[in-house]
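# Observations on the three-dimensional arrangement
Each chain, letter by letter, is given below.
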Amino acid sequence: MKSLLLSSGVVFLLVSCYQQQSQPIDPQRLSHMMEIRQRLEKELGERYDHPVAAASDSQLQRGQKLFIQLCAGCHGPRGDGKGHVAEGLAGHPSDFTNPVAATIYSEQARLQIIRKGVPGTPMMGWENVLTEEDVLAVYGYVRSLVVSKK
Amino acid sequence: MKHSVKIFAIALLVAFSSCNTSTPSFKGTEMPADIPGIDFTLTDQNLQPFTLSERRGEVTLIFFGFTYCPDVCPLTLSNWKRIEEALGADAARVRFVYITVDPERDSPNKMREHLAIFSPNFIGLTGTLEELLPVYSAFGVYREKEQVSESAAGYIINHTARLFLLDRSGRWRLSFAQESPAEDVVHDIRLLLNEKSPQISVENIWSWPAHAAANGDKMGSTAAVFMTVINRGSAADRLLSAYSETAETVEIHETVMVGDRMKMQRVTDGIEIPARGQIEFKPRGHHIMLIGLKRDLQPGERFPLVLEFEKSGNLTVESEVREP
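Presented here is a report on the structure given in the accompanying data block.

Cut-off values and rules
Residues numbered from 1 in each chain as written. Chains lettered and ligands numbered in written order. Predicted model: local features only at pLDDT ≥ 70, side-chain atom pairs only at ≥ 80, totals over all residues. Heavy atoms only, no water. Helix = DSSP H or I, 4+ residues; strand = E, 2+ residues; numbered from the N terminus. Polar contact = N/O pair within 3.5 Å; in protein donor to acceptor, adjacent residues only side chain to side chain. Contact = heavy atoms within 4.5 Å. Axes fitted to C-alpha atoms, helices over the stretch in contact; angles between N-to-C directions. Parallel < 35°, antiparallel > 145°, perpendicular 65-115°, else oblique. Left-handed = near helix turned anticlockwise from the far one by under 90°. Nonpolar A, V, L, I, M, F, W, Y, C, P; charged D, E, K, R; others polar. Disulfide = S-S within 2.5 Å. Buried < 20%, exposed > 50% of the residue type's maximum accessible area, 1.4 Å probe, protein only.

### Things to note about the side chain of Arg115(A)
Residue and element names in this part refer to chain A. Assignment of secondary structure puts Arg 115 in helix H5 (residues 107–116). In this structure the side chain of Arg 115 is engaged in a polar contact, spanning 2.6 Å, whose partner is the side chain of Gln 112. Those residues in contact with Arg 115 that lie beyond four places of it in its chain are Gly 125, Trp 126, Glu 127, Glu 132 and Val 135.

Here is the structure:
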């Protein structure tokens, strides 16, 4: 409970820090993301904060190819959440270019979302389709999409 | 007399004016009228059997897709959502049927989770490949796996992405490009919903055994045919006449009370088969009269009878000869 409060506080601080620089996140969306984060913290336990190794060039290339094939429909070819499928969907696909959104989940959490999907949303789990290696490649590419505005 | 001439003139006018506008202009691509009838039974996302022909009277929209589809399938489903919303109350008379092209991975459970994101009313069908192949071929659906990852399940499926629209009698009438605007599909669904479509079937057809007429005695020998005519459609139809090669003349008769006596008389303007109703042809009621039999009707044999309906056209049925 304590860590929960703490982490929410950290996120709020982060959000307010970034707000002037990038697109603010809709409060309702933010609270939905917080729920997902809490669930993943519980699910992953201490693994939640483990770092993920940087992707190699070949991994990035592989990741880009898979991203265009499997993810771009919803998340957009540039990863900004503006895929042509997205217009009609109930929720809004995550915008990977937004630095605020990118910091709400840990790296392991984002990997887990690629593997398992987000229940109740159009984001499905890809662990049956992609090998673990490919999941890592896709994540490597997704991580590289963040646009930092300085 | 004057009156009836007037009515005739009006009827003619109506007939002509409806001629000009009666071919409704569909937005989708129309299928040829002689396309073979399609029926199948698959399993829906709630593990219930779904048979296409079971609920006649509804327009059916069909798309073939799969849950791991990254683009056209979810795009189509979101478009369906728009179509459903645009139809308003009419949506209750439309079935949205999503059939998997990926039975290996799309279990009913997976279909349920996936479709729930779009609408609780969409029907998701799965089955074994053996069950699905005839359905793909009936709609000319092409499908081909494309491997994207090394795992066994690491593939997507390239497949036909057209929408198919079936009318209320279950006949495949139109197809649309996947990217067709929702308004076009809504437009054609409305046209199909407004079509008058009787759905006639005939059951339990039988007649008494009888002997052929003796030479030269054309009116000598008769037989009666009994049956149940069922109309499952939402518009009434009318049985106009009947024909059988076993008899010189075939007439539709009804039994009426004249005073306190029953009298059989010929029906000249046909018998109405009400919408969602049925008419029983039975002894001492309506029946089909075969007059001047050309041959014997032996117990156990069957002979064809053509029934002409005002809207449904000709229907060939088989009558069984048996003792009452």
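The structure having been displayed, the exposition proceeds.
### Let's talk about the packing of helix H2 (residues 72–87) of chain B against helix H5 (residues 182–194) of chain B
Residues and elements named next belong to chain B. Interhelical geometry of H2 versus H5 gives an angle of 50° and a closest axis separation of 9 Å. As judged from the angle between their axes, H2 and H5 are oblique. H2 and H5 meet at a crossing whose hand is right-handed. Residues Asn 79, Arg 82, Ile 83, Ala 86 and Leu 87 of H2 form the contact with H5, whose participating residues are Ala 182, Val 185, Val 186, Ile 189 and Arg 190. For the contact of H2 with H5, a count of residues per class yields seven nonpolar, one polar and two charged.

### With respect to the state of the cysteines
What we call a disulfide is simply a covalent bond connecting the sulfur atoms of a pair of cysteines. On inspection of all chains with the given rule, the structure shows one disulfide over all chains. Between the sulfur atoms of Cys69(B) and its disulfide partner Cys73(B) the distance amounts to 2.4 Å. Judged by the sign of its S-S torsion, about 80°, the bond between Cys69(B) and Cys73(B) is right-handed. Take Cys69(B) and Cys73(B): they sit in the same class, and that class is buried. Here Cys71(A) stays unpaired: no disulfide links it, and the sulfur of Cys74(A), its closest cysteine neighbor, is 8.9 Å away.

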